[in-house]
Every structure is written in structure tokens, then in C-alpha cells.
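Now for the letters of each chain:
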Amino acid sequence: VGEKVGAILNIYKDLVEVIAKQYIVIVGLRNIKDNKSYDVFNKKTVKMGRRSININSMADFSSLDLGVKPKFMEGCLYFDELAQLSNKIRNSIAHNNWGYDELTQEVTFRFSKNVDEEASAENTLSKNMLEFNGDVICLFRLMHKLNVVNYLFVCFFGCRDFSEEG
């Protein structure tokens with residue numbers, strides 16, 4: 001049972017990573033719609049605790065950590081669905097910092113980087129497998145939608161590039 005749970009958790013982790021790689025396309029499309037340029041952001045600064053994070057270009061955005069990028073993505077295509085992604089859960093899975101209770105069928109994700117730290121409500125999250133499988137299905141749907149957007153984007157702009165070359 002534990003191996004099957006681990007496989008499902010790894011699917012979640014992989015889906016989050018695949019979707020995160022498509023952030024650049026959907027942010028670029030939002031920027032084009034709002035500013036007529038993929039490289040111009042309306043929101044250039046975000047407060048993260050005591051520090052501020054600034055971006056001035058798509059290159060700056062692409063170099064941000066996965067957990068910071070959504071702070072600059074307001075107004076993007078599928079923004080509400082992107083909120084379902086949890087970088088904390090993804091990190092917990094990637095670092096094998098989770099536990100599974102076969103009796104209750106609950107997965108507990110621990111977000112603390114210190115392994116010795118006592119588990120508390122602030123640094124853990126528990127989900128039953130039914131709820132977690134629903135999250136995985138939602139991520140599959142979102143990935144499919146983003147792949148369709150990417151496909152249409154390449155079809156539209158790719159054809160233009162090929163016709164100019166030949």
C-alpha cells in the first residue's frame with residue numbers, strides 16, 4: 001500500500017513541476033494582453049515577509065523559485081486553478097517528508113526543514129487519499145488545458161515562422 005501511495009504522490013509532484021514550467025507561457029500571454037509586450041509586468045514588486053522581490057523582465061520571472069512565481073501571476077489564464085498547486089506539498093513529497101496512515105488513509109505532509117522539529121498544525125497538513133486523488137485529477141485537467149494552449153500558440157506562431165523561412 002505504501003508504494004502505491006508513494007507513486008500517487010510522485011505523480012502530484014511531477015504534475016506540479018510540469019505545470020510550473022508552463023508558467024512562462026501563460027504569464028507572457030497575460031503580459032501581451034495587458035501591455036502589448038510579453039516582457040512588461042504590471043506588478044513588478046512583491047513583499048515576502050521582510051524582503052521585497054523585484055522583477056523587470058521575463059528572464060527575472062523565469063529565475064524565481066517555484067513558490068514565488070504565483071505571486072506575480074494574478075490575472076493569468078487559469079489563475080484560480082493554478083492556486084490549487086501547493087509548492088509546500090510538492091517539496092514535502094520531493095524530500096520524503098510525509099507519512100501515511102493506512103487505517104485512516106491519510107497522508108500527512110510535514111513542511112518543516114528540521115527533521116527533529118515537533119509536528120504542529122502550522123508545519124503539517126493532512127489529506128485523505130480520496131481528497132488527494134481529486135487534487136491529482138484537477139492537476140491533470142489543468143496540465144491538459146495548458147498543453148492545448150501551448151499547442152495552439154505554437155500552431156499559430158509556428159506557422160508564421162515556417163512560412164517566412166521557406
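Notes on the structure follow. (Residues numbered from 1 in each chain as written. Predicted model: local features only at pLDDT ≥ 70, side-chain atom pairs only at ≥ 80, totals over all residues. Heavy atoms only, no water.)

### Some details on the packing of aromatic side chains
Basically, it comes down to this: The aromatic pairing rule takes the rings of Phe, Tyr and Trp, using the six-membered ring of Trp, and pairs them if the centres are within 6.5 Å, calling planes under 30 degrees apart stacked, those over 60 edge-to-face and the rest tilted. Secondary structure elements follow DSSP: runs of H or I no shorter than four residues count as helices, runs of E no shorter than two count as strands, and numbering proceeds from the N terminus. Summary of the burial criterion: residues with accessible area below 20% of their type's maximum are buried, those above 50% are exposed, and those between are partly exposed, where the area comes from a 1.4 Å probe applied to protein chains only.
On inspection of all chains with the given rule, the structure shows three aromatic pairs. Relative to Phe132, the ring of Tyr12 lies with its centre 5.0 Å away and its plane at 40 degrees, an arrangement referred to as tilted. Of this pair, Tyr12 sits in helix 1 (residues 2-21) while Phe132 sits in helix 6 (residues 129-165), and the two are 120 residues apart along the sequence. Across the pair, Phe132 and Tyr12 agree in class, each one buried.

### So, the sheet that holds strand 3 (residues 98-101)
Put simply, the test is: Here, a strand pair is defined by DSSP locating no fewer than two bridges between the strands. Helix axes are fitted only over the stretch in contact, all axes being lines through C-alpha atoms; the angle between N-to-C directions runs from 0 to 180 degrees. Should any heavy atoms of two residues lie within 4.5 Å, those residues are counted as being in contact.
One open sheet holds the three strands; their spatial order is 3-4-5, and the pairing between them is antiparallel. Each end of this open sheet is capped by a strand with a single partner; those strands are strand 3 and strand 5 (124-128). Going from strand to strand, the sheet's axes swing by 20 degrees on average, the running direction of each strand aside. Bridge count for strand 3 against strand 4 (residues 106-110) is four bridges, and the pairing is antiparallel. From the neighbouring strand, Gly99 faces strand 4, where its bridge partner is Thr108. Here helix 1 sits on the sheet and contacts strand 3 and strand 4; the angle it forms with strand 3, its principal contact strand, is near 135 degrees.

### Thoughts on the pairing of strand 2 (residues 51-54)
Looking at chain direction, strand 1 (residues 45-48) and strand 2 are connected through four bridges and run antiparallel. Residue pairing across strands places Lys47 opposite Ser52, the latter belonging to strand 2. Turn length for the strand 1-strand 2 hairpin, with the two strands adjacent in sequence and antiparallel, is two residues, and the turn residue Gly49 shows positive phi of about 70 degrees.

### Remarks on the pattern of salt bridges
Applied cut-off: Within this document, salt bridges are pairs made up of a side-chain nitrogen of Lys or Arg and a carboxyl oxygen of Asp or Glu, the two lying within 4 Å of each other.
Evaluated as defined, the whole model comprises four salt bridges. Put simply, Lys127 and Asp135 hold a salt bridge, and the shortest N to O gap is 2.4 Å. Judged by its relative accessible area of 13%, Lys127 falls in the buried class.

### With respect to the packing of helix 1 against helix 5 (residues 87-94)
Stated precisely, the cut-off is as follows: Roughly parallel means an angle under 35 degrees; roughly antiparallel means over 145; roughly perpendicular covers 65 to 115; every other angle is labelled oblique. Take the far helix as your reference; a near helix turned counterclockwise from it by less than a right angle gives a left-handed crossing, and one turned clockwise gives a right-handed crossing. Any residue that is not Ala, Val, Leu, Ile, Met, Phe, Trp, Tyr, Cys, Pro, Asp, Glu, Lys or Arg is counted as polar, Gly included; the first ten are nonpolar and the last four charged.
At their nearest, the axes of helix 1 and helix 5 sit 9 Å apart, and the two run at 125 degrees to each other. Considered as vectors, helix 1 and helix 5 are oriented oblique to each other. Seen along the crossing, helix 1 lies across helix 5 with a hand that is left-handed. Counting all contacts with helix 1, which are made through Leu9, Asn10, Tyr12, Lys13, Val16 and Glu17, the residues of helix 5 involved are Ile89, Arg90, Ile93 and Ala94. Residues that form the contact of helix 1 with helix 5 fall into these classes: six nonpolar, one polar and three charged.

### Observations concerning unusual backbone geometry
Peptide bonds are trans in most cases, and residues, glycine excluded, mostly fall at negative phi. Here Tyr78, not a glycine, exhibits a phi torsion of approximately 65 degrees, which is positive. Turning to its location among the elements, Tyr78 is positioned in the loop between helix 3 (58-62) and helix 4 (79-82). Even without being glycine, Gln105 reaches a positive phi, approximately 55 degrees. Classification of Gln105 by relative accessible area gives partly exposed; the value is 45%.

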